[in-house]
Amino acid sequence: MYDGLSFCCHSERNVVKSKNLISMEKIYKYIEEHASVPSQALDWVVKQTHVRTNHARMLSGATQGQLLRMLVQMTGARRILELGTFTGYSAICLASALPEGGHLDTLELNDELEDLILEGFDRAGLSDKMELHIGDCKETLKSFRERMNLPDVGESSSLNDAEMSQMTESAASDYLLYDIVYMDANKREYCEYYDLVFDMVRPGGLILADNVLWDGKVCQDPLPQDKQTLGIAAFNDKVSADPRVESVIMPLRDGLNIIRKR
């Protein structure tokens, strides 16, 4: 996504630009050629996304999809929440690594994509592990919090650590806390999503936020004032200042913020 950027060789005293500038497009092509091959179901989702939508660029892609799959495997995750599935590519990657009895809830606003998403889940043989929730992301998360007996976000911020720990333990006793939350919905609302899902994630669990470099706009000075860029920049600042987590942004595709809840 960053065609035109180049790699540089760094030393302690200076920065020497390579004589042979390599575009990120070539780098990503090389990486994809040396990653595990996507499944036939994922290939089908890619083809159908190109045929049935005008936004194929929104697909997670093979490399990031494989990373998501491996994060599930490495963490031993059993419960996953995804915000914004688009046509289901990332959801299939995440769910394909779940163990027996594992479950993924995925949220999507666009009801016109429902048939495509569900057919992809079926082709992947994962329908029994996945549940699609169509509707506004924030409203759906609020209903999830109510189901988990968690207070409203405004109320939870006023609770002390002991009270919040007790609430979380109550949710955990019912096996409702998530091991991984993957955020890829409305970029303007990332900060609100973060607040809504934080108490829904177990200690040691991950929150993964996609598109956090936003085509490099978050690095520009002055910062572009469109709502998407401002939303993502505010989110990155919020996470980096949050003592409850540790995080790192990976420059994969459009940036993936990997956040571990302490």
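As shown above, the structure is provided for reference.
As the structure is a computational prediction, the values presented were derived from the model and not from experiment.

Overview of the pattern of salt bridges
Inference 1: Applying the stated rule across the entire model yields 11 salt bridges.
Inference 2: Across the pair R123 and E119 runs a salt bridge whose closest N-O atoms are separated by 3.2 Å. Here the residue R123 and the residue E119 both occupy positions in helix α5 (residues 114–123), the gap between them amounting to four residues, near one helical turn.
Inference 3: In this structure, the salt-bridge partner of R202 is D179, at a minimum N-O distance of 2.6 Å. Here R202 is found in strand β7 (residues 201–210), whereas its partner D179 is found in strand β6 (residues 178–183), with 23 residues between them in sequence.
Inference 4: Here the salt bridges share partners, and the residues they tie into one network are K138, E189 and E192.

Notes on empty space enclosed by the protein
Inference 1: Under the definition given, this model contains one cavity of 30 Å³ or more.
Inference 2: A volume near 40 Å³ is recorded for the largest cavity.
Inference 3: Around the largest cavity sit M58, L59, S60, T85, F86, G88, Y89, S90 and D184, which together line it.
Inference 4: When grouped by side-chain class, the residues that make up the lining of the largest cavity number four nonpolar, four polar and one charged.

A few points about the packing of aromatic side chains
Inference 1: A full pass over the atoms with the stated rule returns four aromatic pairs.
Inference 2: Here Y194 and F235 contribute two aromatic rings whose centre-to-centre distance is 5.8 Å and whose plane-to-plane angle is 80 degrees, an arrangement assigned as edge-to-face. Separated by 41 residues along the polypeptide, Y194 in helix α9 (residues 190–198) and F235 in helix α10 (residues 227–240) bring together distant segments of the chain. Of the two residues examined, Y194 and F235, each falls in the buried class.
Inference 3: Connected via pairs of aromatic rings, a cluster forms that spans Y190, Y193, Y194, F198 and F235.
Inference 4: Across from the ring centre of F144, 4.5 Å away, lies the NZ or CZ of R147, which sits over that ring.

Observations regarding the packing of helix α2 (residues 40–52) against α5
Inference 1: Where α2 meets α5, the closest approach of the two axes is 9 Å, and the angle between their N-to-C directions is 165 degrees. The angle between the axes of α2 and α5 places the two elements in the roughly antiparallel class. α2 and α5 meet at a crossing whose hand is right-handed. In contact with A41, W44, V45, Q48 and R52 of α2, α5 contributes D115, L116, E119, G120 and R123.

Some details on helix α1 (residues 24–33)
Structural remark: α-helix, 3.6 residues per turn; residues separated by three or four positions point the same way.
Inference 1: Buried within α1 we find M24, I27 and Y28. End-on view of α1: buried residues confined to an arc of 95 degrees, all on one side of the axis. Across α1 from its buried face, at more than 90 degrees, point the exposed residues E25, K26, K29 and Y30.

Re the environment of D226
Inference 1: Mapping D226 onto the fold places it in the loop between β7 and α10.
Inference 2: The exposure class assigned to D226 is partly exposed, which follows from its relative accessible area of 25%.
Inference 3: Residues in contact with D226, not counting those within four places in the same chain, are W214 and K217.

With respect to helix α6 (residues 137–147)
Inference 1: All of the buried residues in α6 are C137, K138, T140, L141, F144 and R145. Buried residues of α6 fall within an arc of 160 degrees about the axis and therefore sit on the same side.
Inference 2: Of the residues that open α6, the one with a side-chain oxygen 3.2 Å from the backbone nitrogen of K138 is D136.
Inference 3: Of the residues one or two after α6, N149 is the one with positive phi, at around 60 degrees.

Let's talk about the layout of surface pockets
Inference 1: Its boundaries defined by the atoms lining it, the largest pocket holds a volume of some 830 Å³.
Inference 2: Lining the largest pocket are 35 residues, with M58, D184, A185, N186 and K187 positioned closest to its centre.
Inference 3: Class assignment of the residues belonging to the lining of the largest pocket gives a composition of 11 nonpolar, 11 polar and 13 charged.
Inference 4: Considering only enclosed or pocket space, the second largest pocket measures out at about 540 Å³ in volume.
Inference 5: Contributing to the lining of the second largest pocket are 20 residues, with E32, L59, G61, A62 and R253 lying nearest its centre.
Inference 6: Residue assignment for the lining of the second largest pocket shows that the elements contributing at least two residues are α1, α2 and α3 (62–75).

So, how was this worked out
Residues numbered from 1 in each chain as written. Predicted model: local features only at pLDDT ≥ 70, side-chain atom pairs only at ≥ 80, totals over all residues. Heavy atoms only, no water. Salt bridge = Lys/Arg side-chain N within 4 Å of Asp/Glu carboxyl O. Helix = DSSP H or I, 4+ residues; strand = E, 2+ residues; numbered from the N terminus. 1 Å grid on protein atoms, 1.4 Å probe; cavity = no way out; pocket = protein on both sides within 12 Å on 5 of 7 lines; lining within 4 Å. Points joined across faces, edges and corners; volume = space filled by probe spheres on them. Nonpolar A, V, L, I, M, F, W, Y, C, P; charged D, E, K, R; others polar. Phe/Tyr/Trp six-rings, centres within 6.5 Å; stacked < 30°, edge-to-face > 60°. Buried < 20%, exposed > 50% of the residue type's maximum accessible area, 1.4 Å probe, protein only. Lys NZ or Arg CZ within 6 Å of the ring centre and 35° of its normal. Axes fitted to C-alpha atoms, helices over the stretch in contact; angles between N-to-C directions. Parallel < 35°, antiparallel > 145°, perpendicular 65-115°, else oblique. Left-handed = near helix turned anticlockwise from the far one by under 90°. Contact = heavy atoms within 4.5 Å. Arc of directions from axis to C-beta. Polar contact = N/O pair within 3.5 Å; in protein donor to acceptor, adjacent residues only side chain to side chain.

Distances and angles like these do not, on their own, reveal function.
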